[in-house]
Amino acid sequence: MSPILGIISSARKSAATVTGGTLTTDSTYNYRTFTSSGSLVVSGGSITADILVIAGGAGGSSYRAGGGGAGGLLYHTSQSLSGTYTVTVGGGGTGAAESGTTALGNAGTNGSNSQFGSLTASVGGGRGGFPSGTQSDSNGATGGSGGGASAHPSGSTAGSGTSGQGSNGGTGGWGGSYYGAGAAGGQSAVGSNGTAGSGGPGGGGAGQQAATGTDGTYSTGGGGGAGHNPGGDARRHGGHGGSGIVIVRYERSEEHTSELQSRVDISYAVFCLKKK
């Protein structure tokens, strides 16, 4: 085989076709983004990819309540991929509705796990603590990042984050009759502790005086319910957690686009004609 024919044949044999997710590109990389569960298929060759996996954030709880924890974040580097891989994208947790009952709140829900193939799963965020008359309910739940603690009763603890994926939540605080919810943990820092009248900022936000919790975005949980003000009704709902996401990145040169494949096919055909 001639050297030129060998190069063309090698290019044809090593071509990888990749499908799944939403394709975007820059000058160096292709990105396959999954905002819902699906499959990544690599056929006709293999690619080496970096994979970002973020779980769903938790929902904030209501009334003097903690914010929901951010979804766990993992970055898997230099993964050799060939074949079909199941991609699971975790949904965000639901923020709790107003309780309608003085001094009692409702629980938000934890975020759901995200996973690529058999790689370690990213853990969903932990819900915020809420007052229910049971101490365990007032504590933030564990998760990718922990949920914030309820401001009431005193002694409520923040949820723990998963090592390597997130951080711990924050604790609640109060002054006189004004309560502040504990903030949820984020990927880069532990959640702030609550202060009188409002919760501290954090990965999942926090409850504020006479205001509803805000919804989360990617890698964040929902805000917690409002603090308590005896001059008005502050039994506000918690925000919803942000959905998870999975992004697969690999060099553009590892995948033959239809345009590049057509050029290779034409070059190969022209070369064969010239040989005749």
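Quick caveat, the model's predicted, so the values are computed rather than measured.

A. The overall build of the chain, seen in detail. The number of helices and strands found in the chain is three helices and nine strands. Ordering the α and β elements of the chain from the N terminus gives α-β-β-β-β-β-β-α-β-β-β-α. Expressed as a percentage of its 276 residues, the buried residues of the chain come to 45%. Long-range pairs, those at least 24 residues apart, make up 58% of the contacts in the chain between residues at least 6 apart in sequence. For the chain, the exposed surface amounts to about 11800 Å²; the carbon and sulfur share of it is 51%.

B. Up close: the packing of aromatic side chains. Counted by the stated rule, this structure contains two aromatic pairs. Residues Tyr85 and Phe116 carry aromatic rings whose centres are separated by 5.3 Å and whose planes lie at 20° to one another, so their mutual orientation is stacked. Placement of the pair is Tyr85 in strand E5 (residues 73–88) and Phe116 in strand E6 (residues 115–116), with a sequence separation of 31 residues. Each member of the pair, Tyr85 as well as Phe116, is classed as buried. The ring of Tyr29 has Arg249 sitting right over it, with the charged end atom 4.0 Å from the ring centre.

C. Local environment of the pattern of salt bridges. The full count for this structure, using the stated rule, is two salt bridges. Linking Asp50 and Arg249 is a salt bridge whose minimum nitrogen-to-oxygen distance equals 2.8 Å. Here Arg249 lies in strand E9 (residues 245–251) and Asp50 lies in strand E4 (residues 38–54), a separation of 199 residues in the sequence. Accessibility expressed as a relative area gives 23% for Arg249, which makes it partly exposed.

D. Structural context of the pairing of E4. Bridging between strand E1 (residues 17–19) and E4 involves three bridges; their strand directions are antiparallel. Each bridged residue has a counterpart across the sheet, and for Val18 the counterpart in E4 is Val42. Taken together, the 12 bridges between E4 and E5 define a ladder with antiparallel strand orientation. Looking at E5, one finds that Leu40 is bridged to Tyr85. As paired elements, E4 and E9 share six bridges and run antiparallel to each other. Residue Ile54 lies in a different strand from E9, and its bridge partner there is Ile245.

E. Representation of the side chain of Ser114 in the model. Secondary-structure assignment places Ser114 in the loop between E5 and E6. A polar contact of 2.8 Å, which involves the side chain of Ser114, links it to the backbone oxygen of Ile54.

F. Examining the side chain of Asp50 more closely. Residue Asp50 is classed as buried on the basis of its relative accessible area, which comes to 15%. Only 2.9 Å separates the side chain of Asp50 from the backbone nitrogen of Ser78, close enough to count as a polar contact. Those residues within four positions of Asp50 in sequence are excluded, and the remaining contacts are Tyr75, His76, Thr77, Ser78, Ile247, Val248 and Arg249.

G. Local environment of the nonpolar core. Counting residues in hydrophobic clusters, the biggest one holds 17 residues, and the most contacted among them are Leu40, Ile47, Ile51, Leu81, Phe116, Val246 and Val248. Going through the elements one at a time, E4, E5 and E9 are the ones with two or more residues in this core. Among residues more than four places away in sequence, those in contact with Leu40 are Val18, Thr19, Gly20, Arg32, Phe34, Leu81, Gly83, Thr84, Tyr85, Val87, Phe116 and Val248.

H. The environment of Ser62, seen in detail. With respect to the helices and strands, the residue Ser62 is situated in the loop between E4 and E5. In this structure Ser62 comes out as buried when scored by relative accessible area, which is 0%. With 177 residues separating them in the primary sequence, Ser62 and Gly239 have C-alpha atoms 8.8 Å apart.

I. View of the environment of Thr142. By the element assignment, Thr142 lies in the loop between helix H2 (135–138) and strand E7 (173–175). For Thr142, a relative accessible area of 53% puts it in the exposed group.

J. Highlighting the confidence of the model for the chain. Looking at the chain as a whole, its pLDDT mean stands at 74, while 62% of the residues score no less than 70. The weakest mean pLDDT in the chain belongs to helix H1 (residues 3–13) at 43; the strongest belongs to E6 at 96. Predicted confidence is poor over residues 3–13, with pLDDT under 50, and the contacts of this stretch with residues over four places away or in other chains come to 14 contacts. Every residue in residues 196–213 is under pLDDT 50, and counting partners more than four places away or in other chains gives 78 contacts.

Thresholds applied
Within each chain, residue numbers correspond to sequence positions counted from 1 in written order. Restriction of local features to residues with pLDDT of at least 70 applies here, the model being predicted, together with a cutoff of 80 or more for giving and counting side-chain atom pairs; totals for whole chains, interfaces and linings are based on all residues. As a convention, hydrogens and water are excluded, and side-chain values are obtained from all of the structure's heavy atoms. In this description a helix means any DSSP run of H or I spanning at least four residues, a strand means any run of E spanning at least two, and both kinds are numbered starting from the N terminus. For each residue, the accessible area found with a 1.4 Å probe, counting protein chains only, is set against the maximum for its type, and the residue is called buried under 20%, exposed over 50%, and partly exposed in between. Only heavy atoms enter the contact rule, under which two residues are in contact if any of them lie within 4.5 Å. Computed by Shrake-Rupley with a 1.4 Å probe, the accessible areas treat only the displayed protein chains as cover when residues are assessed. Note on aromatic pairs: the rings of Phe, Tyr and Trp (six-membered ring only in Trp) are paired at centre separations within 6.5 Å, and the planes decide the class, stacked below 30 degrees, edge-to-face beyond 60, tilted for the rest. For a ring to carry a charge above it, either NZ of a lysine or CZ of an arginine must fall within 6 Å of the ring centroid while also lying within 35 degrees of the normal to the ring plane. The term salt bridge refers to a pairing of a side-chain nitrogen on Lys or Arg with a carboxyl oxygen on Asp or Glu at a separation within 4 Å. Here the rule is simple: two strands pair whenever DSSP picks up at least two bridges between them. Two N or O atoms count as a polar contact when they lie within 3.5 Å, although within protein this holds only if one can serve as hydrogen donor and the other as acceptor, and sequence-adjacent residues are included solely when both atoms are side-chain atoms. Buried residues of nine kinds, namely Ala, Val, Leu, Ile, Met, Phe, Trp, Tyr and Cys, make up a nonpolar core once their side-chain atoms join them within 4.5 Å. For every residue, the predictor assigns a confidence score, pLDDT, that lies between 0 and 100.

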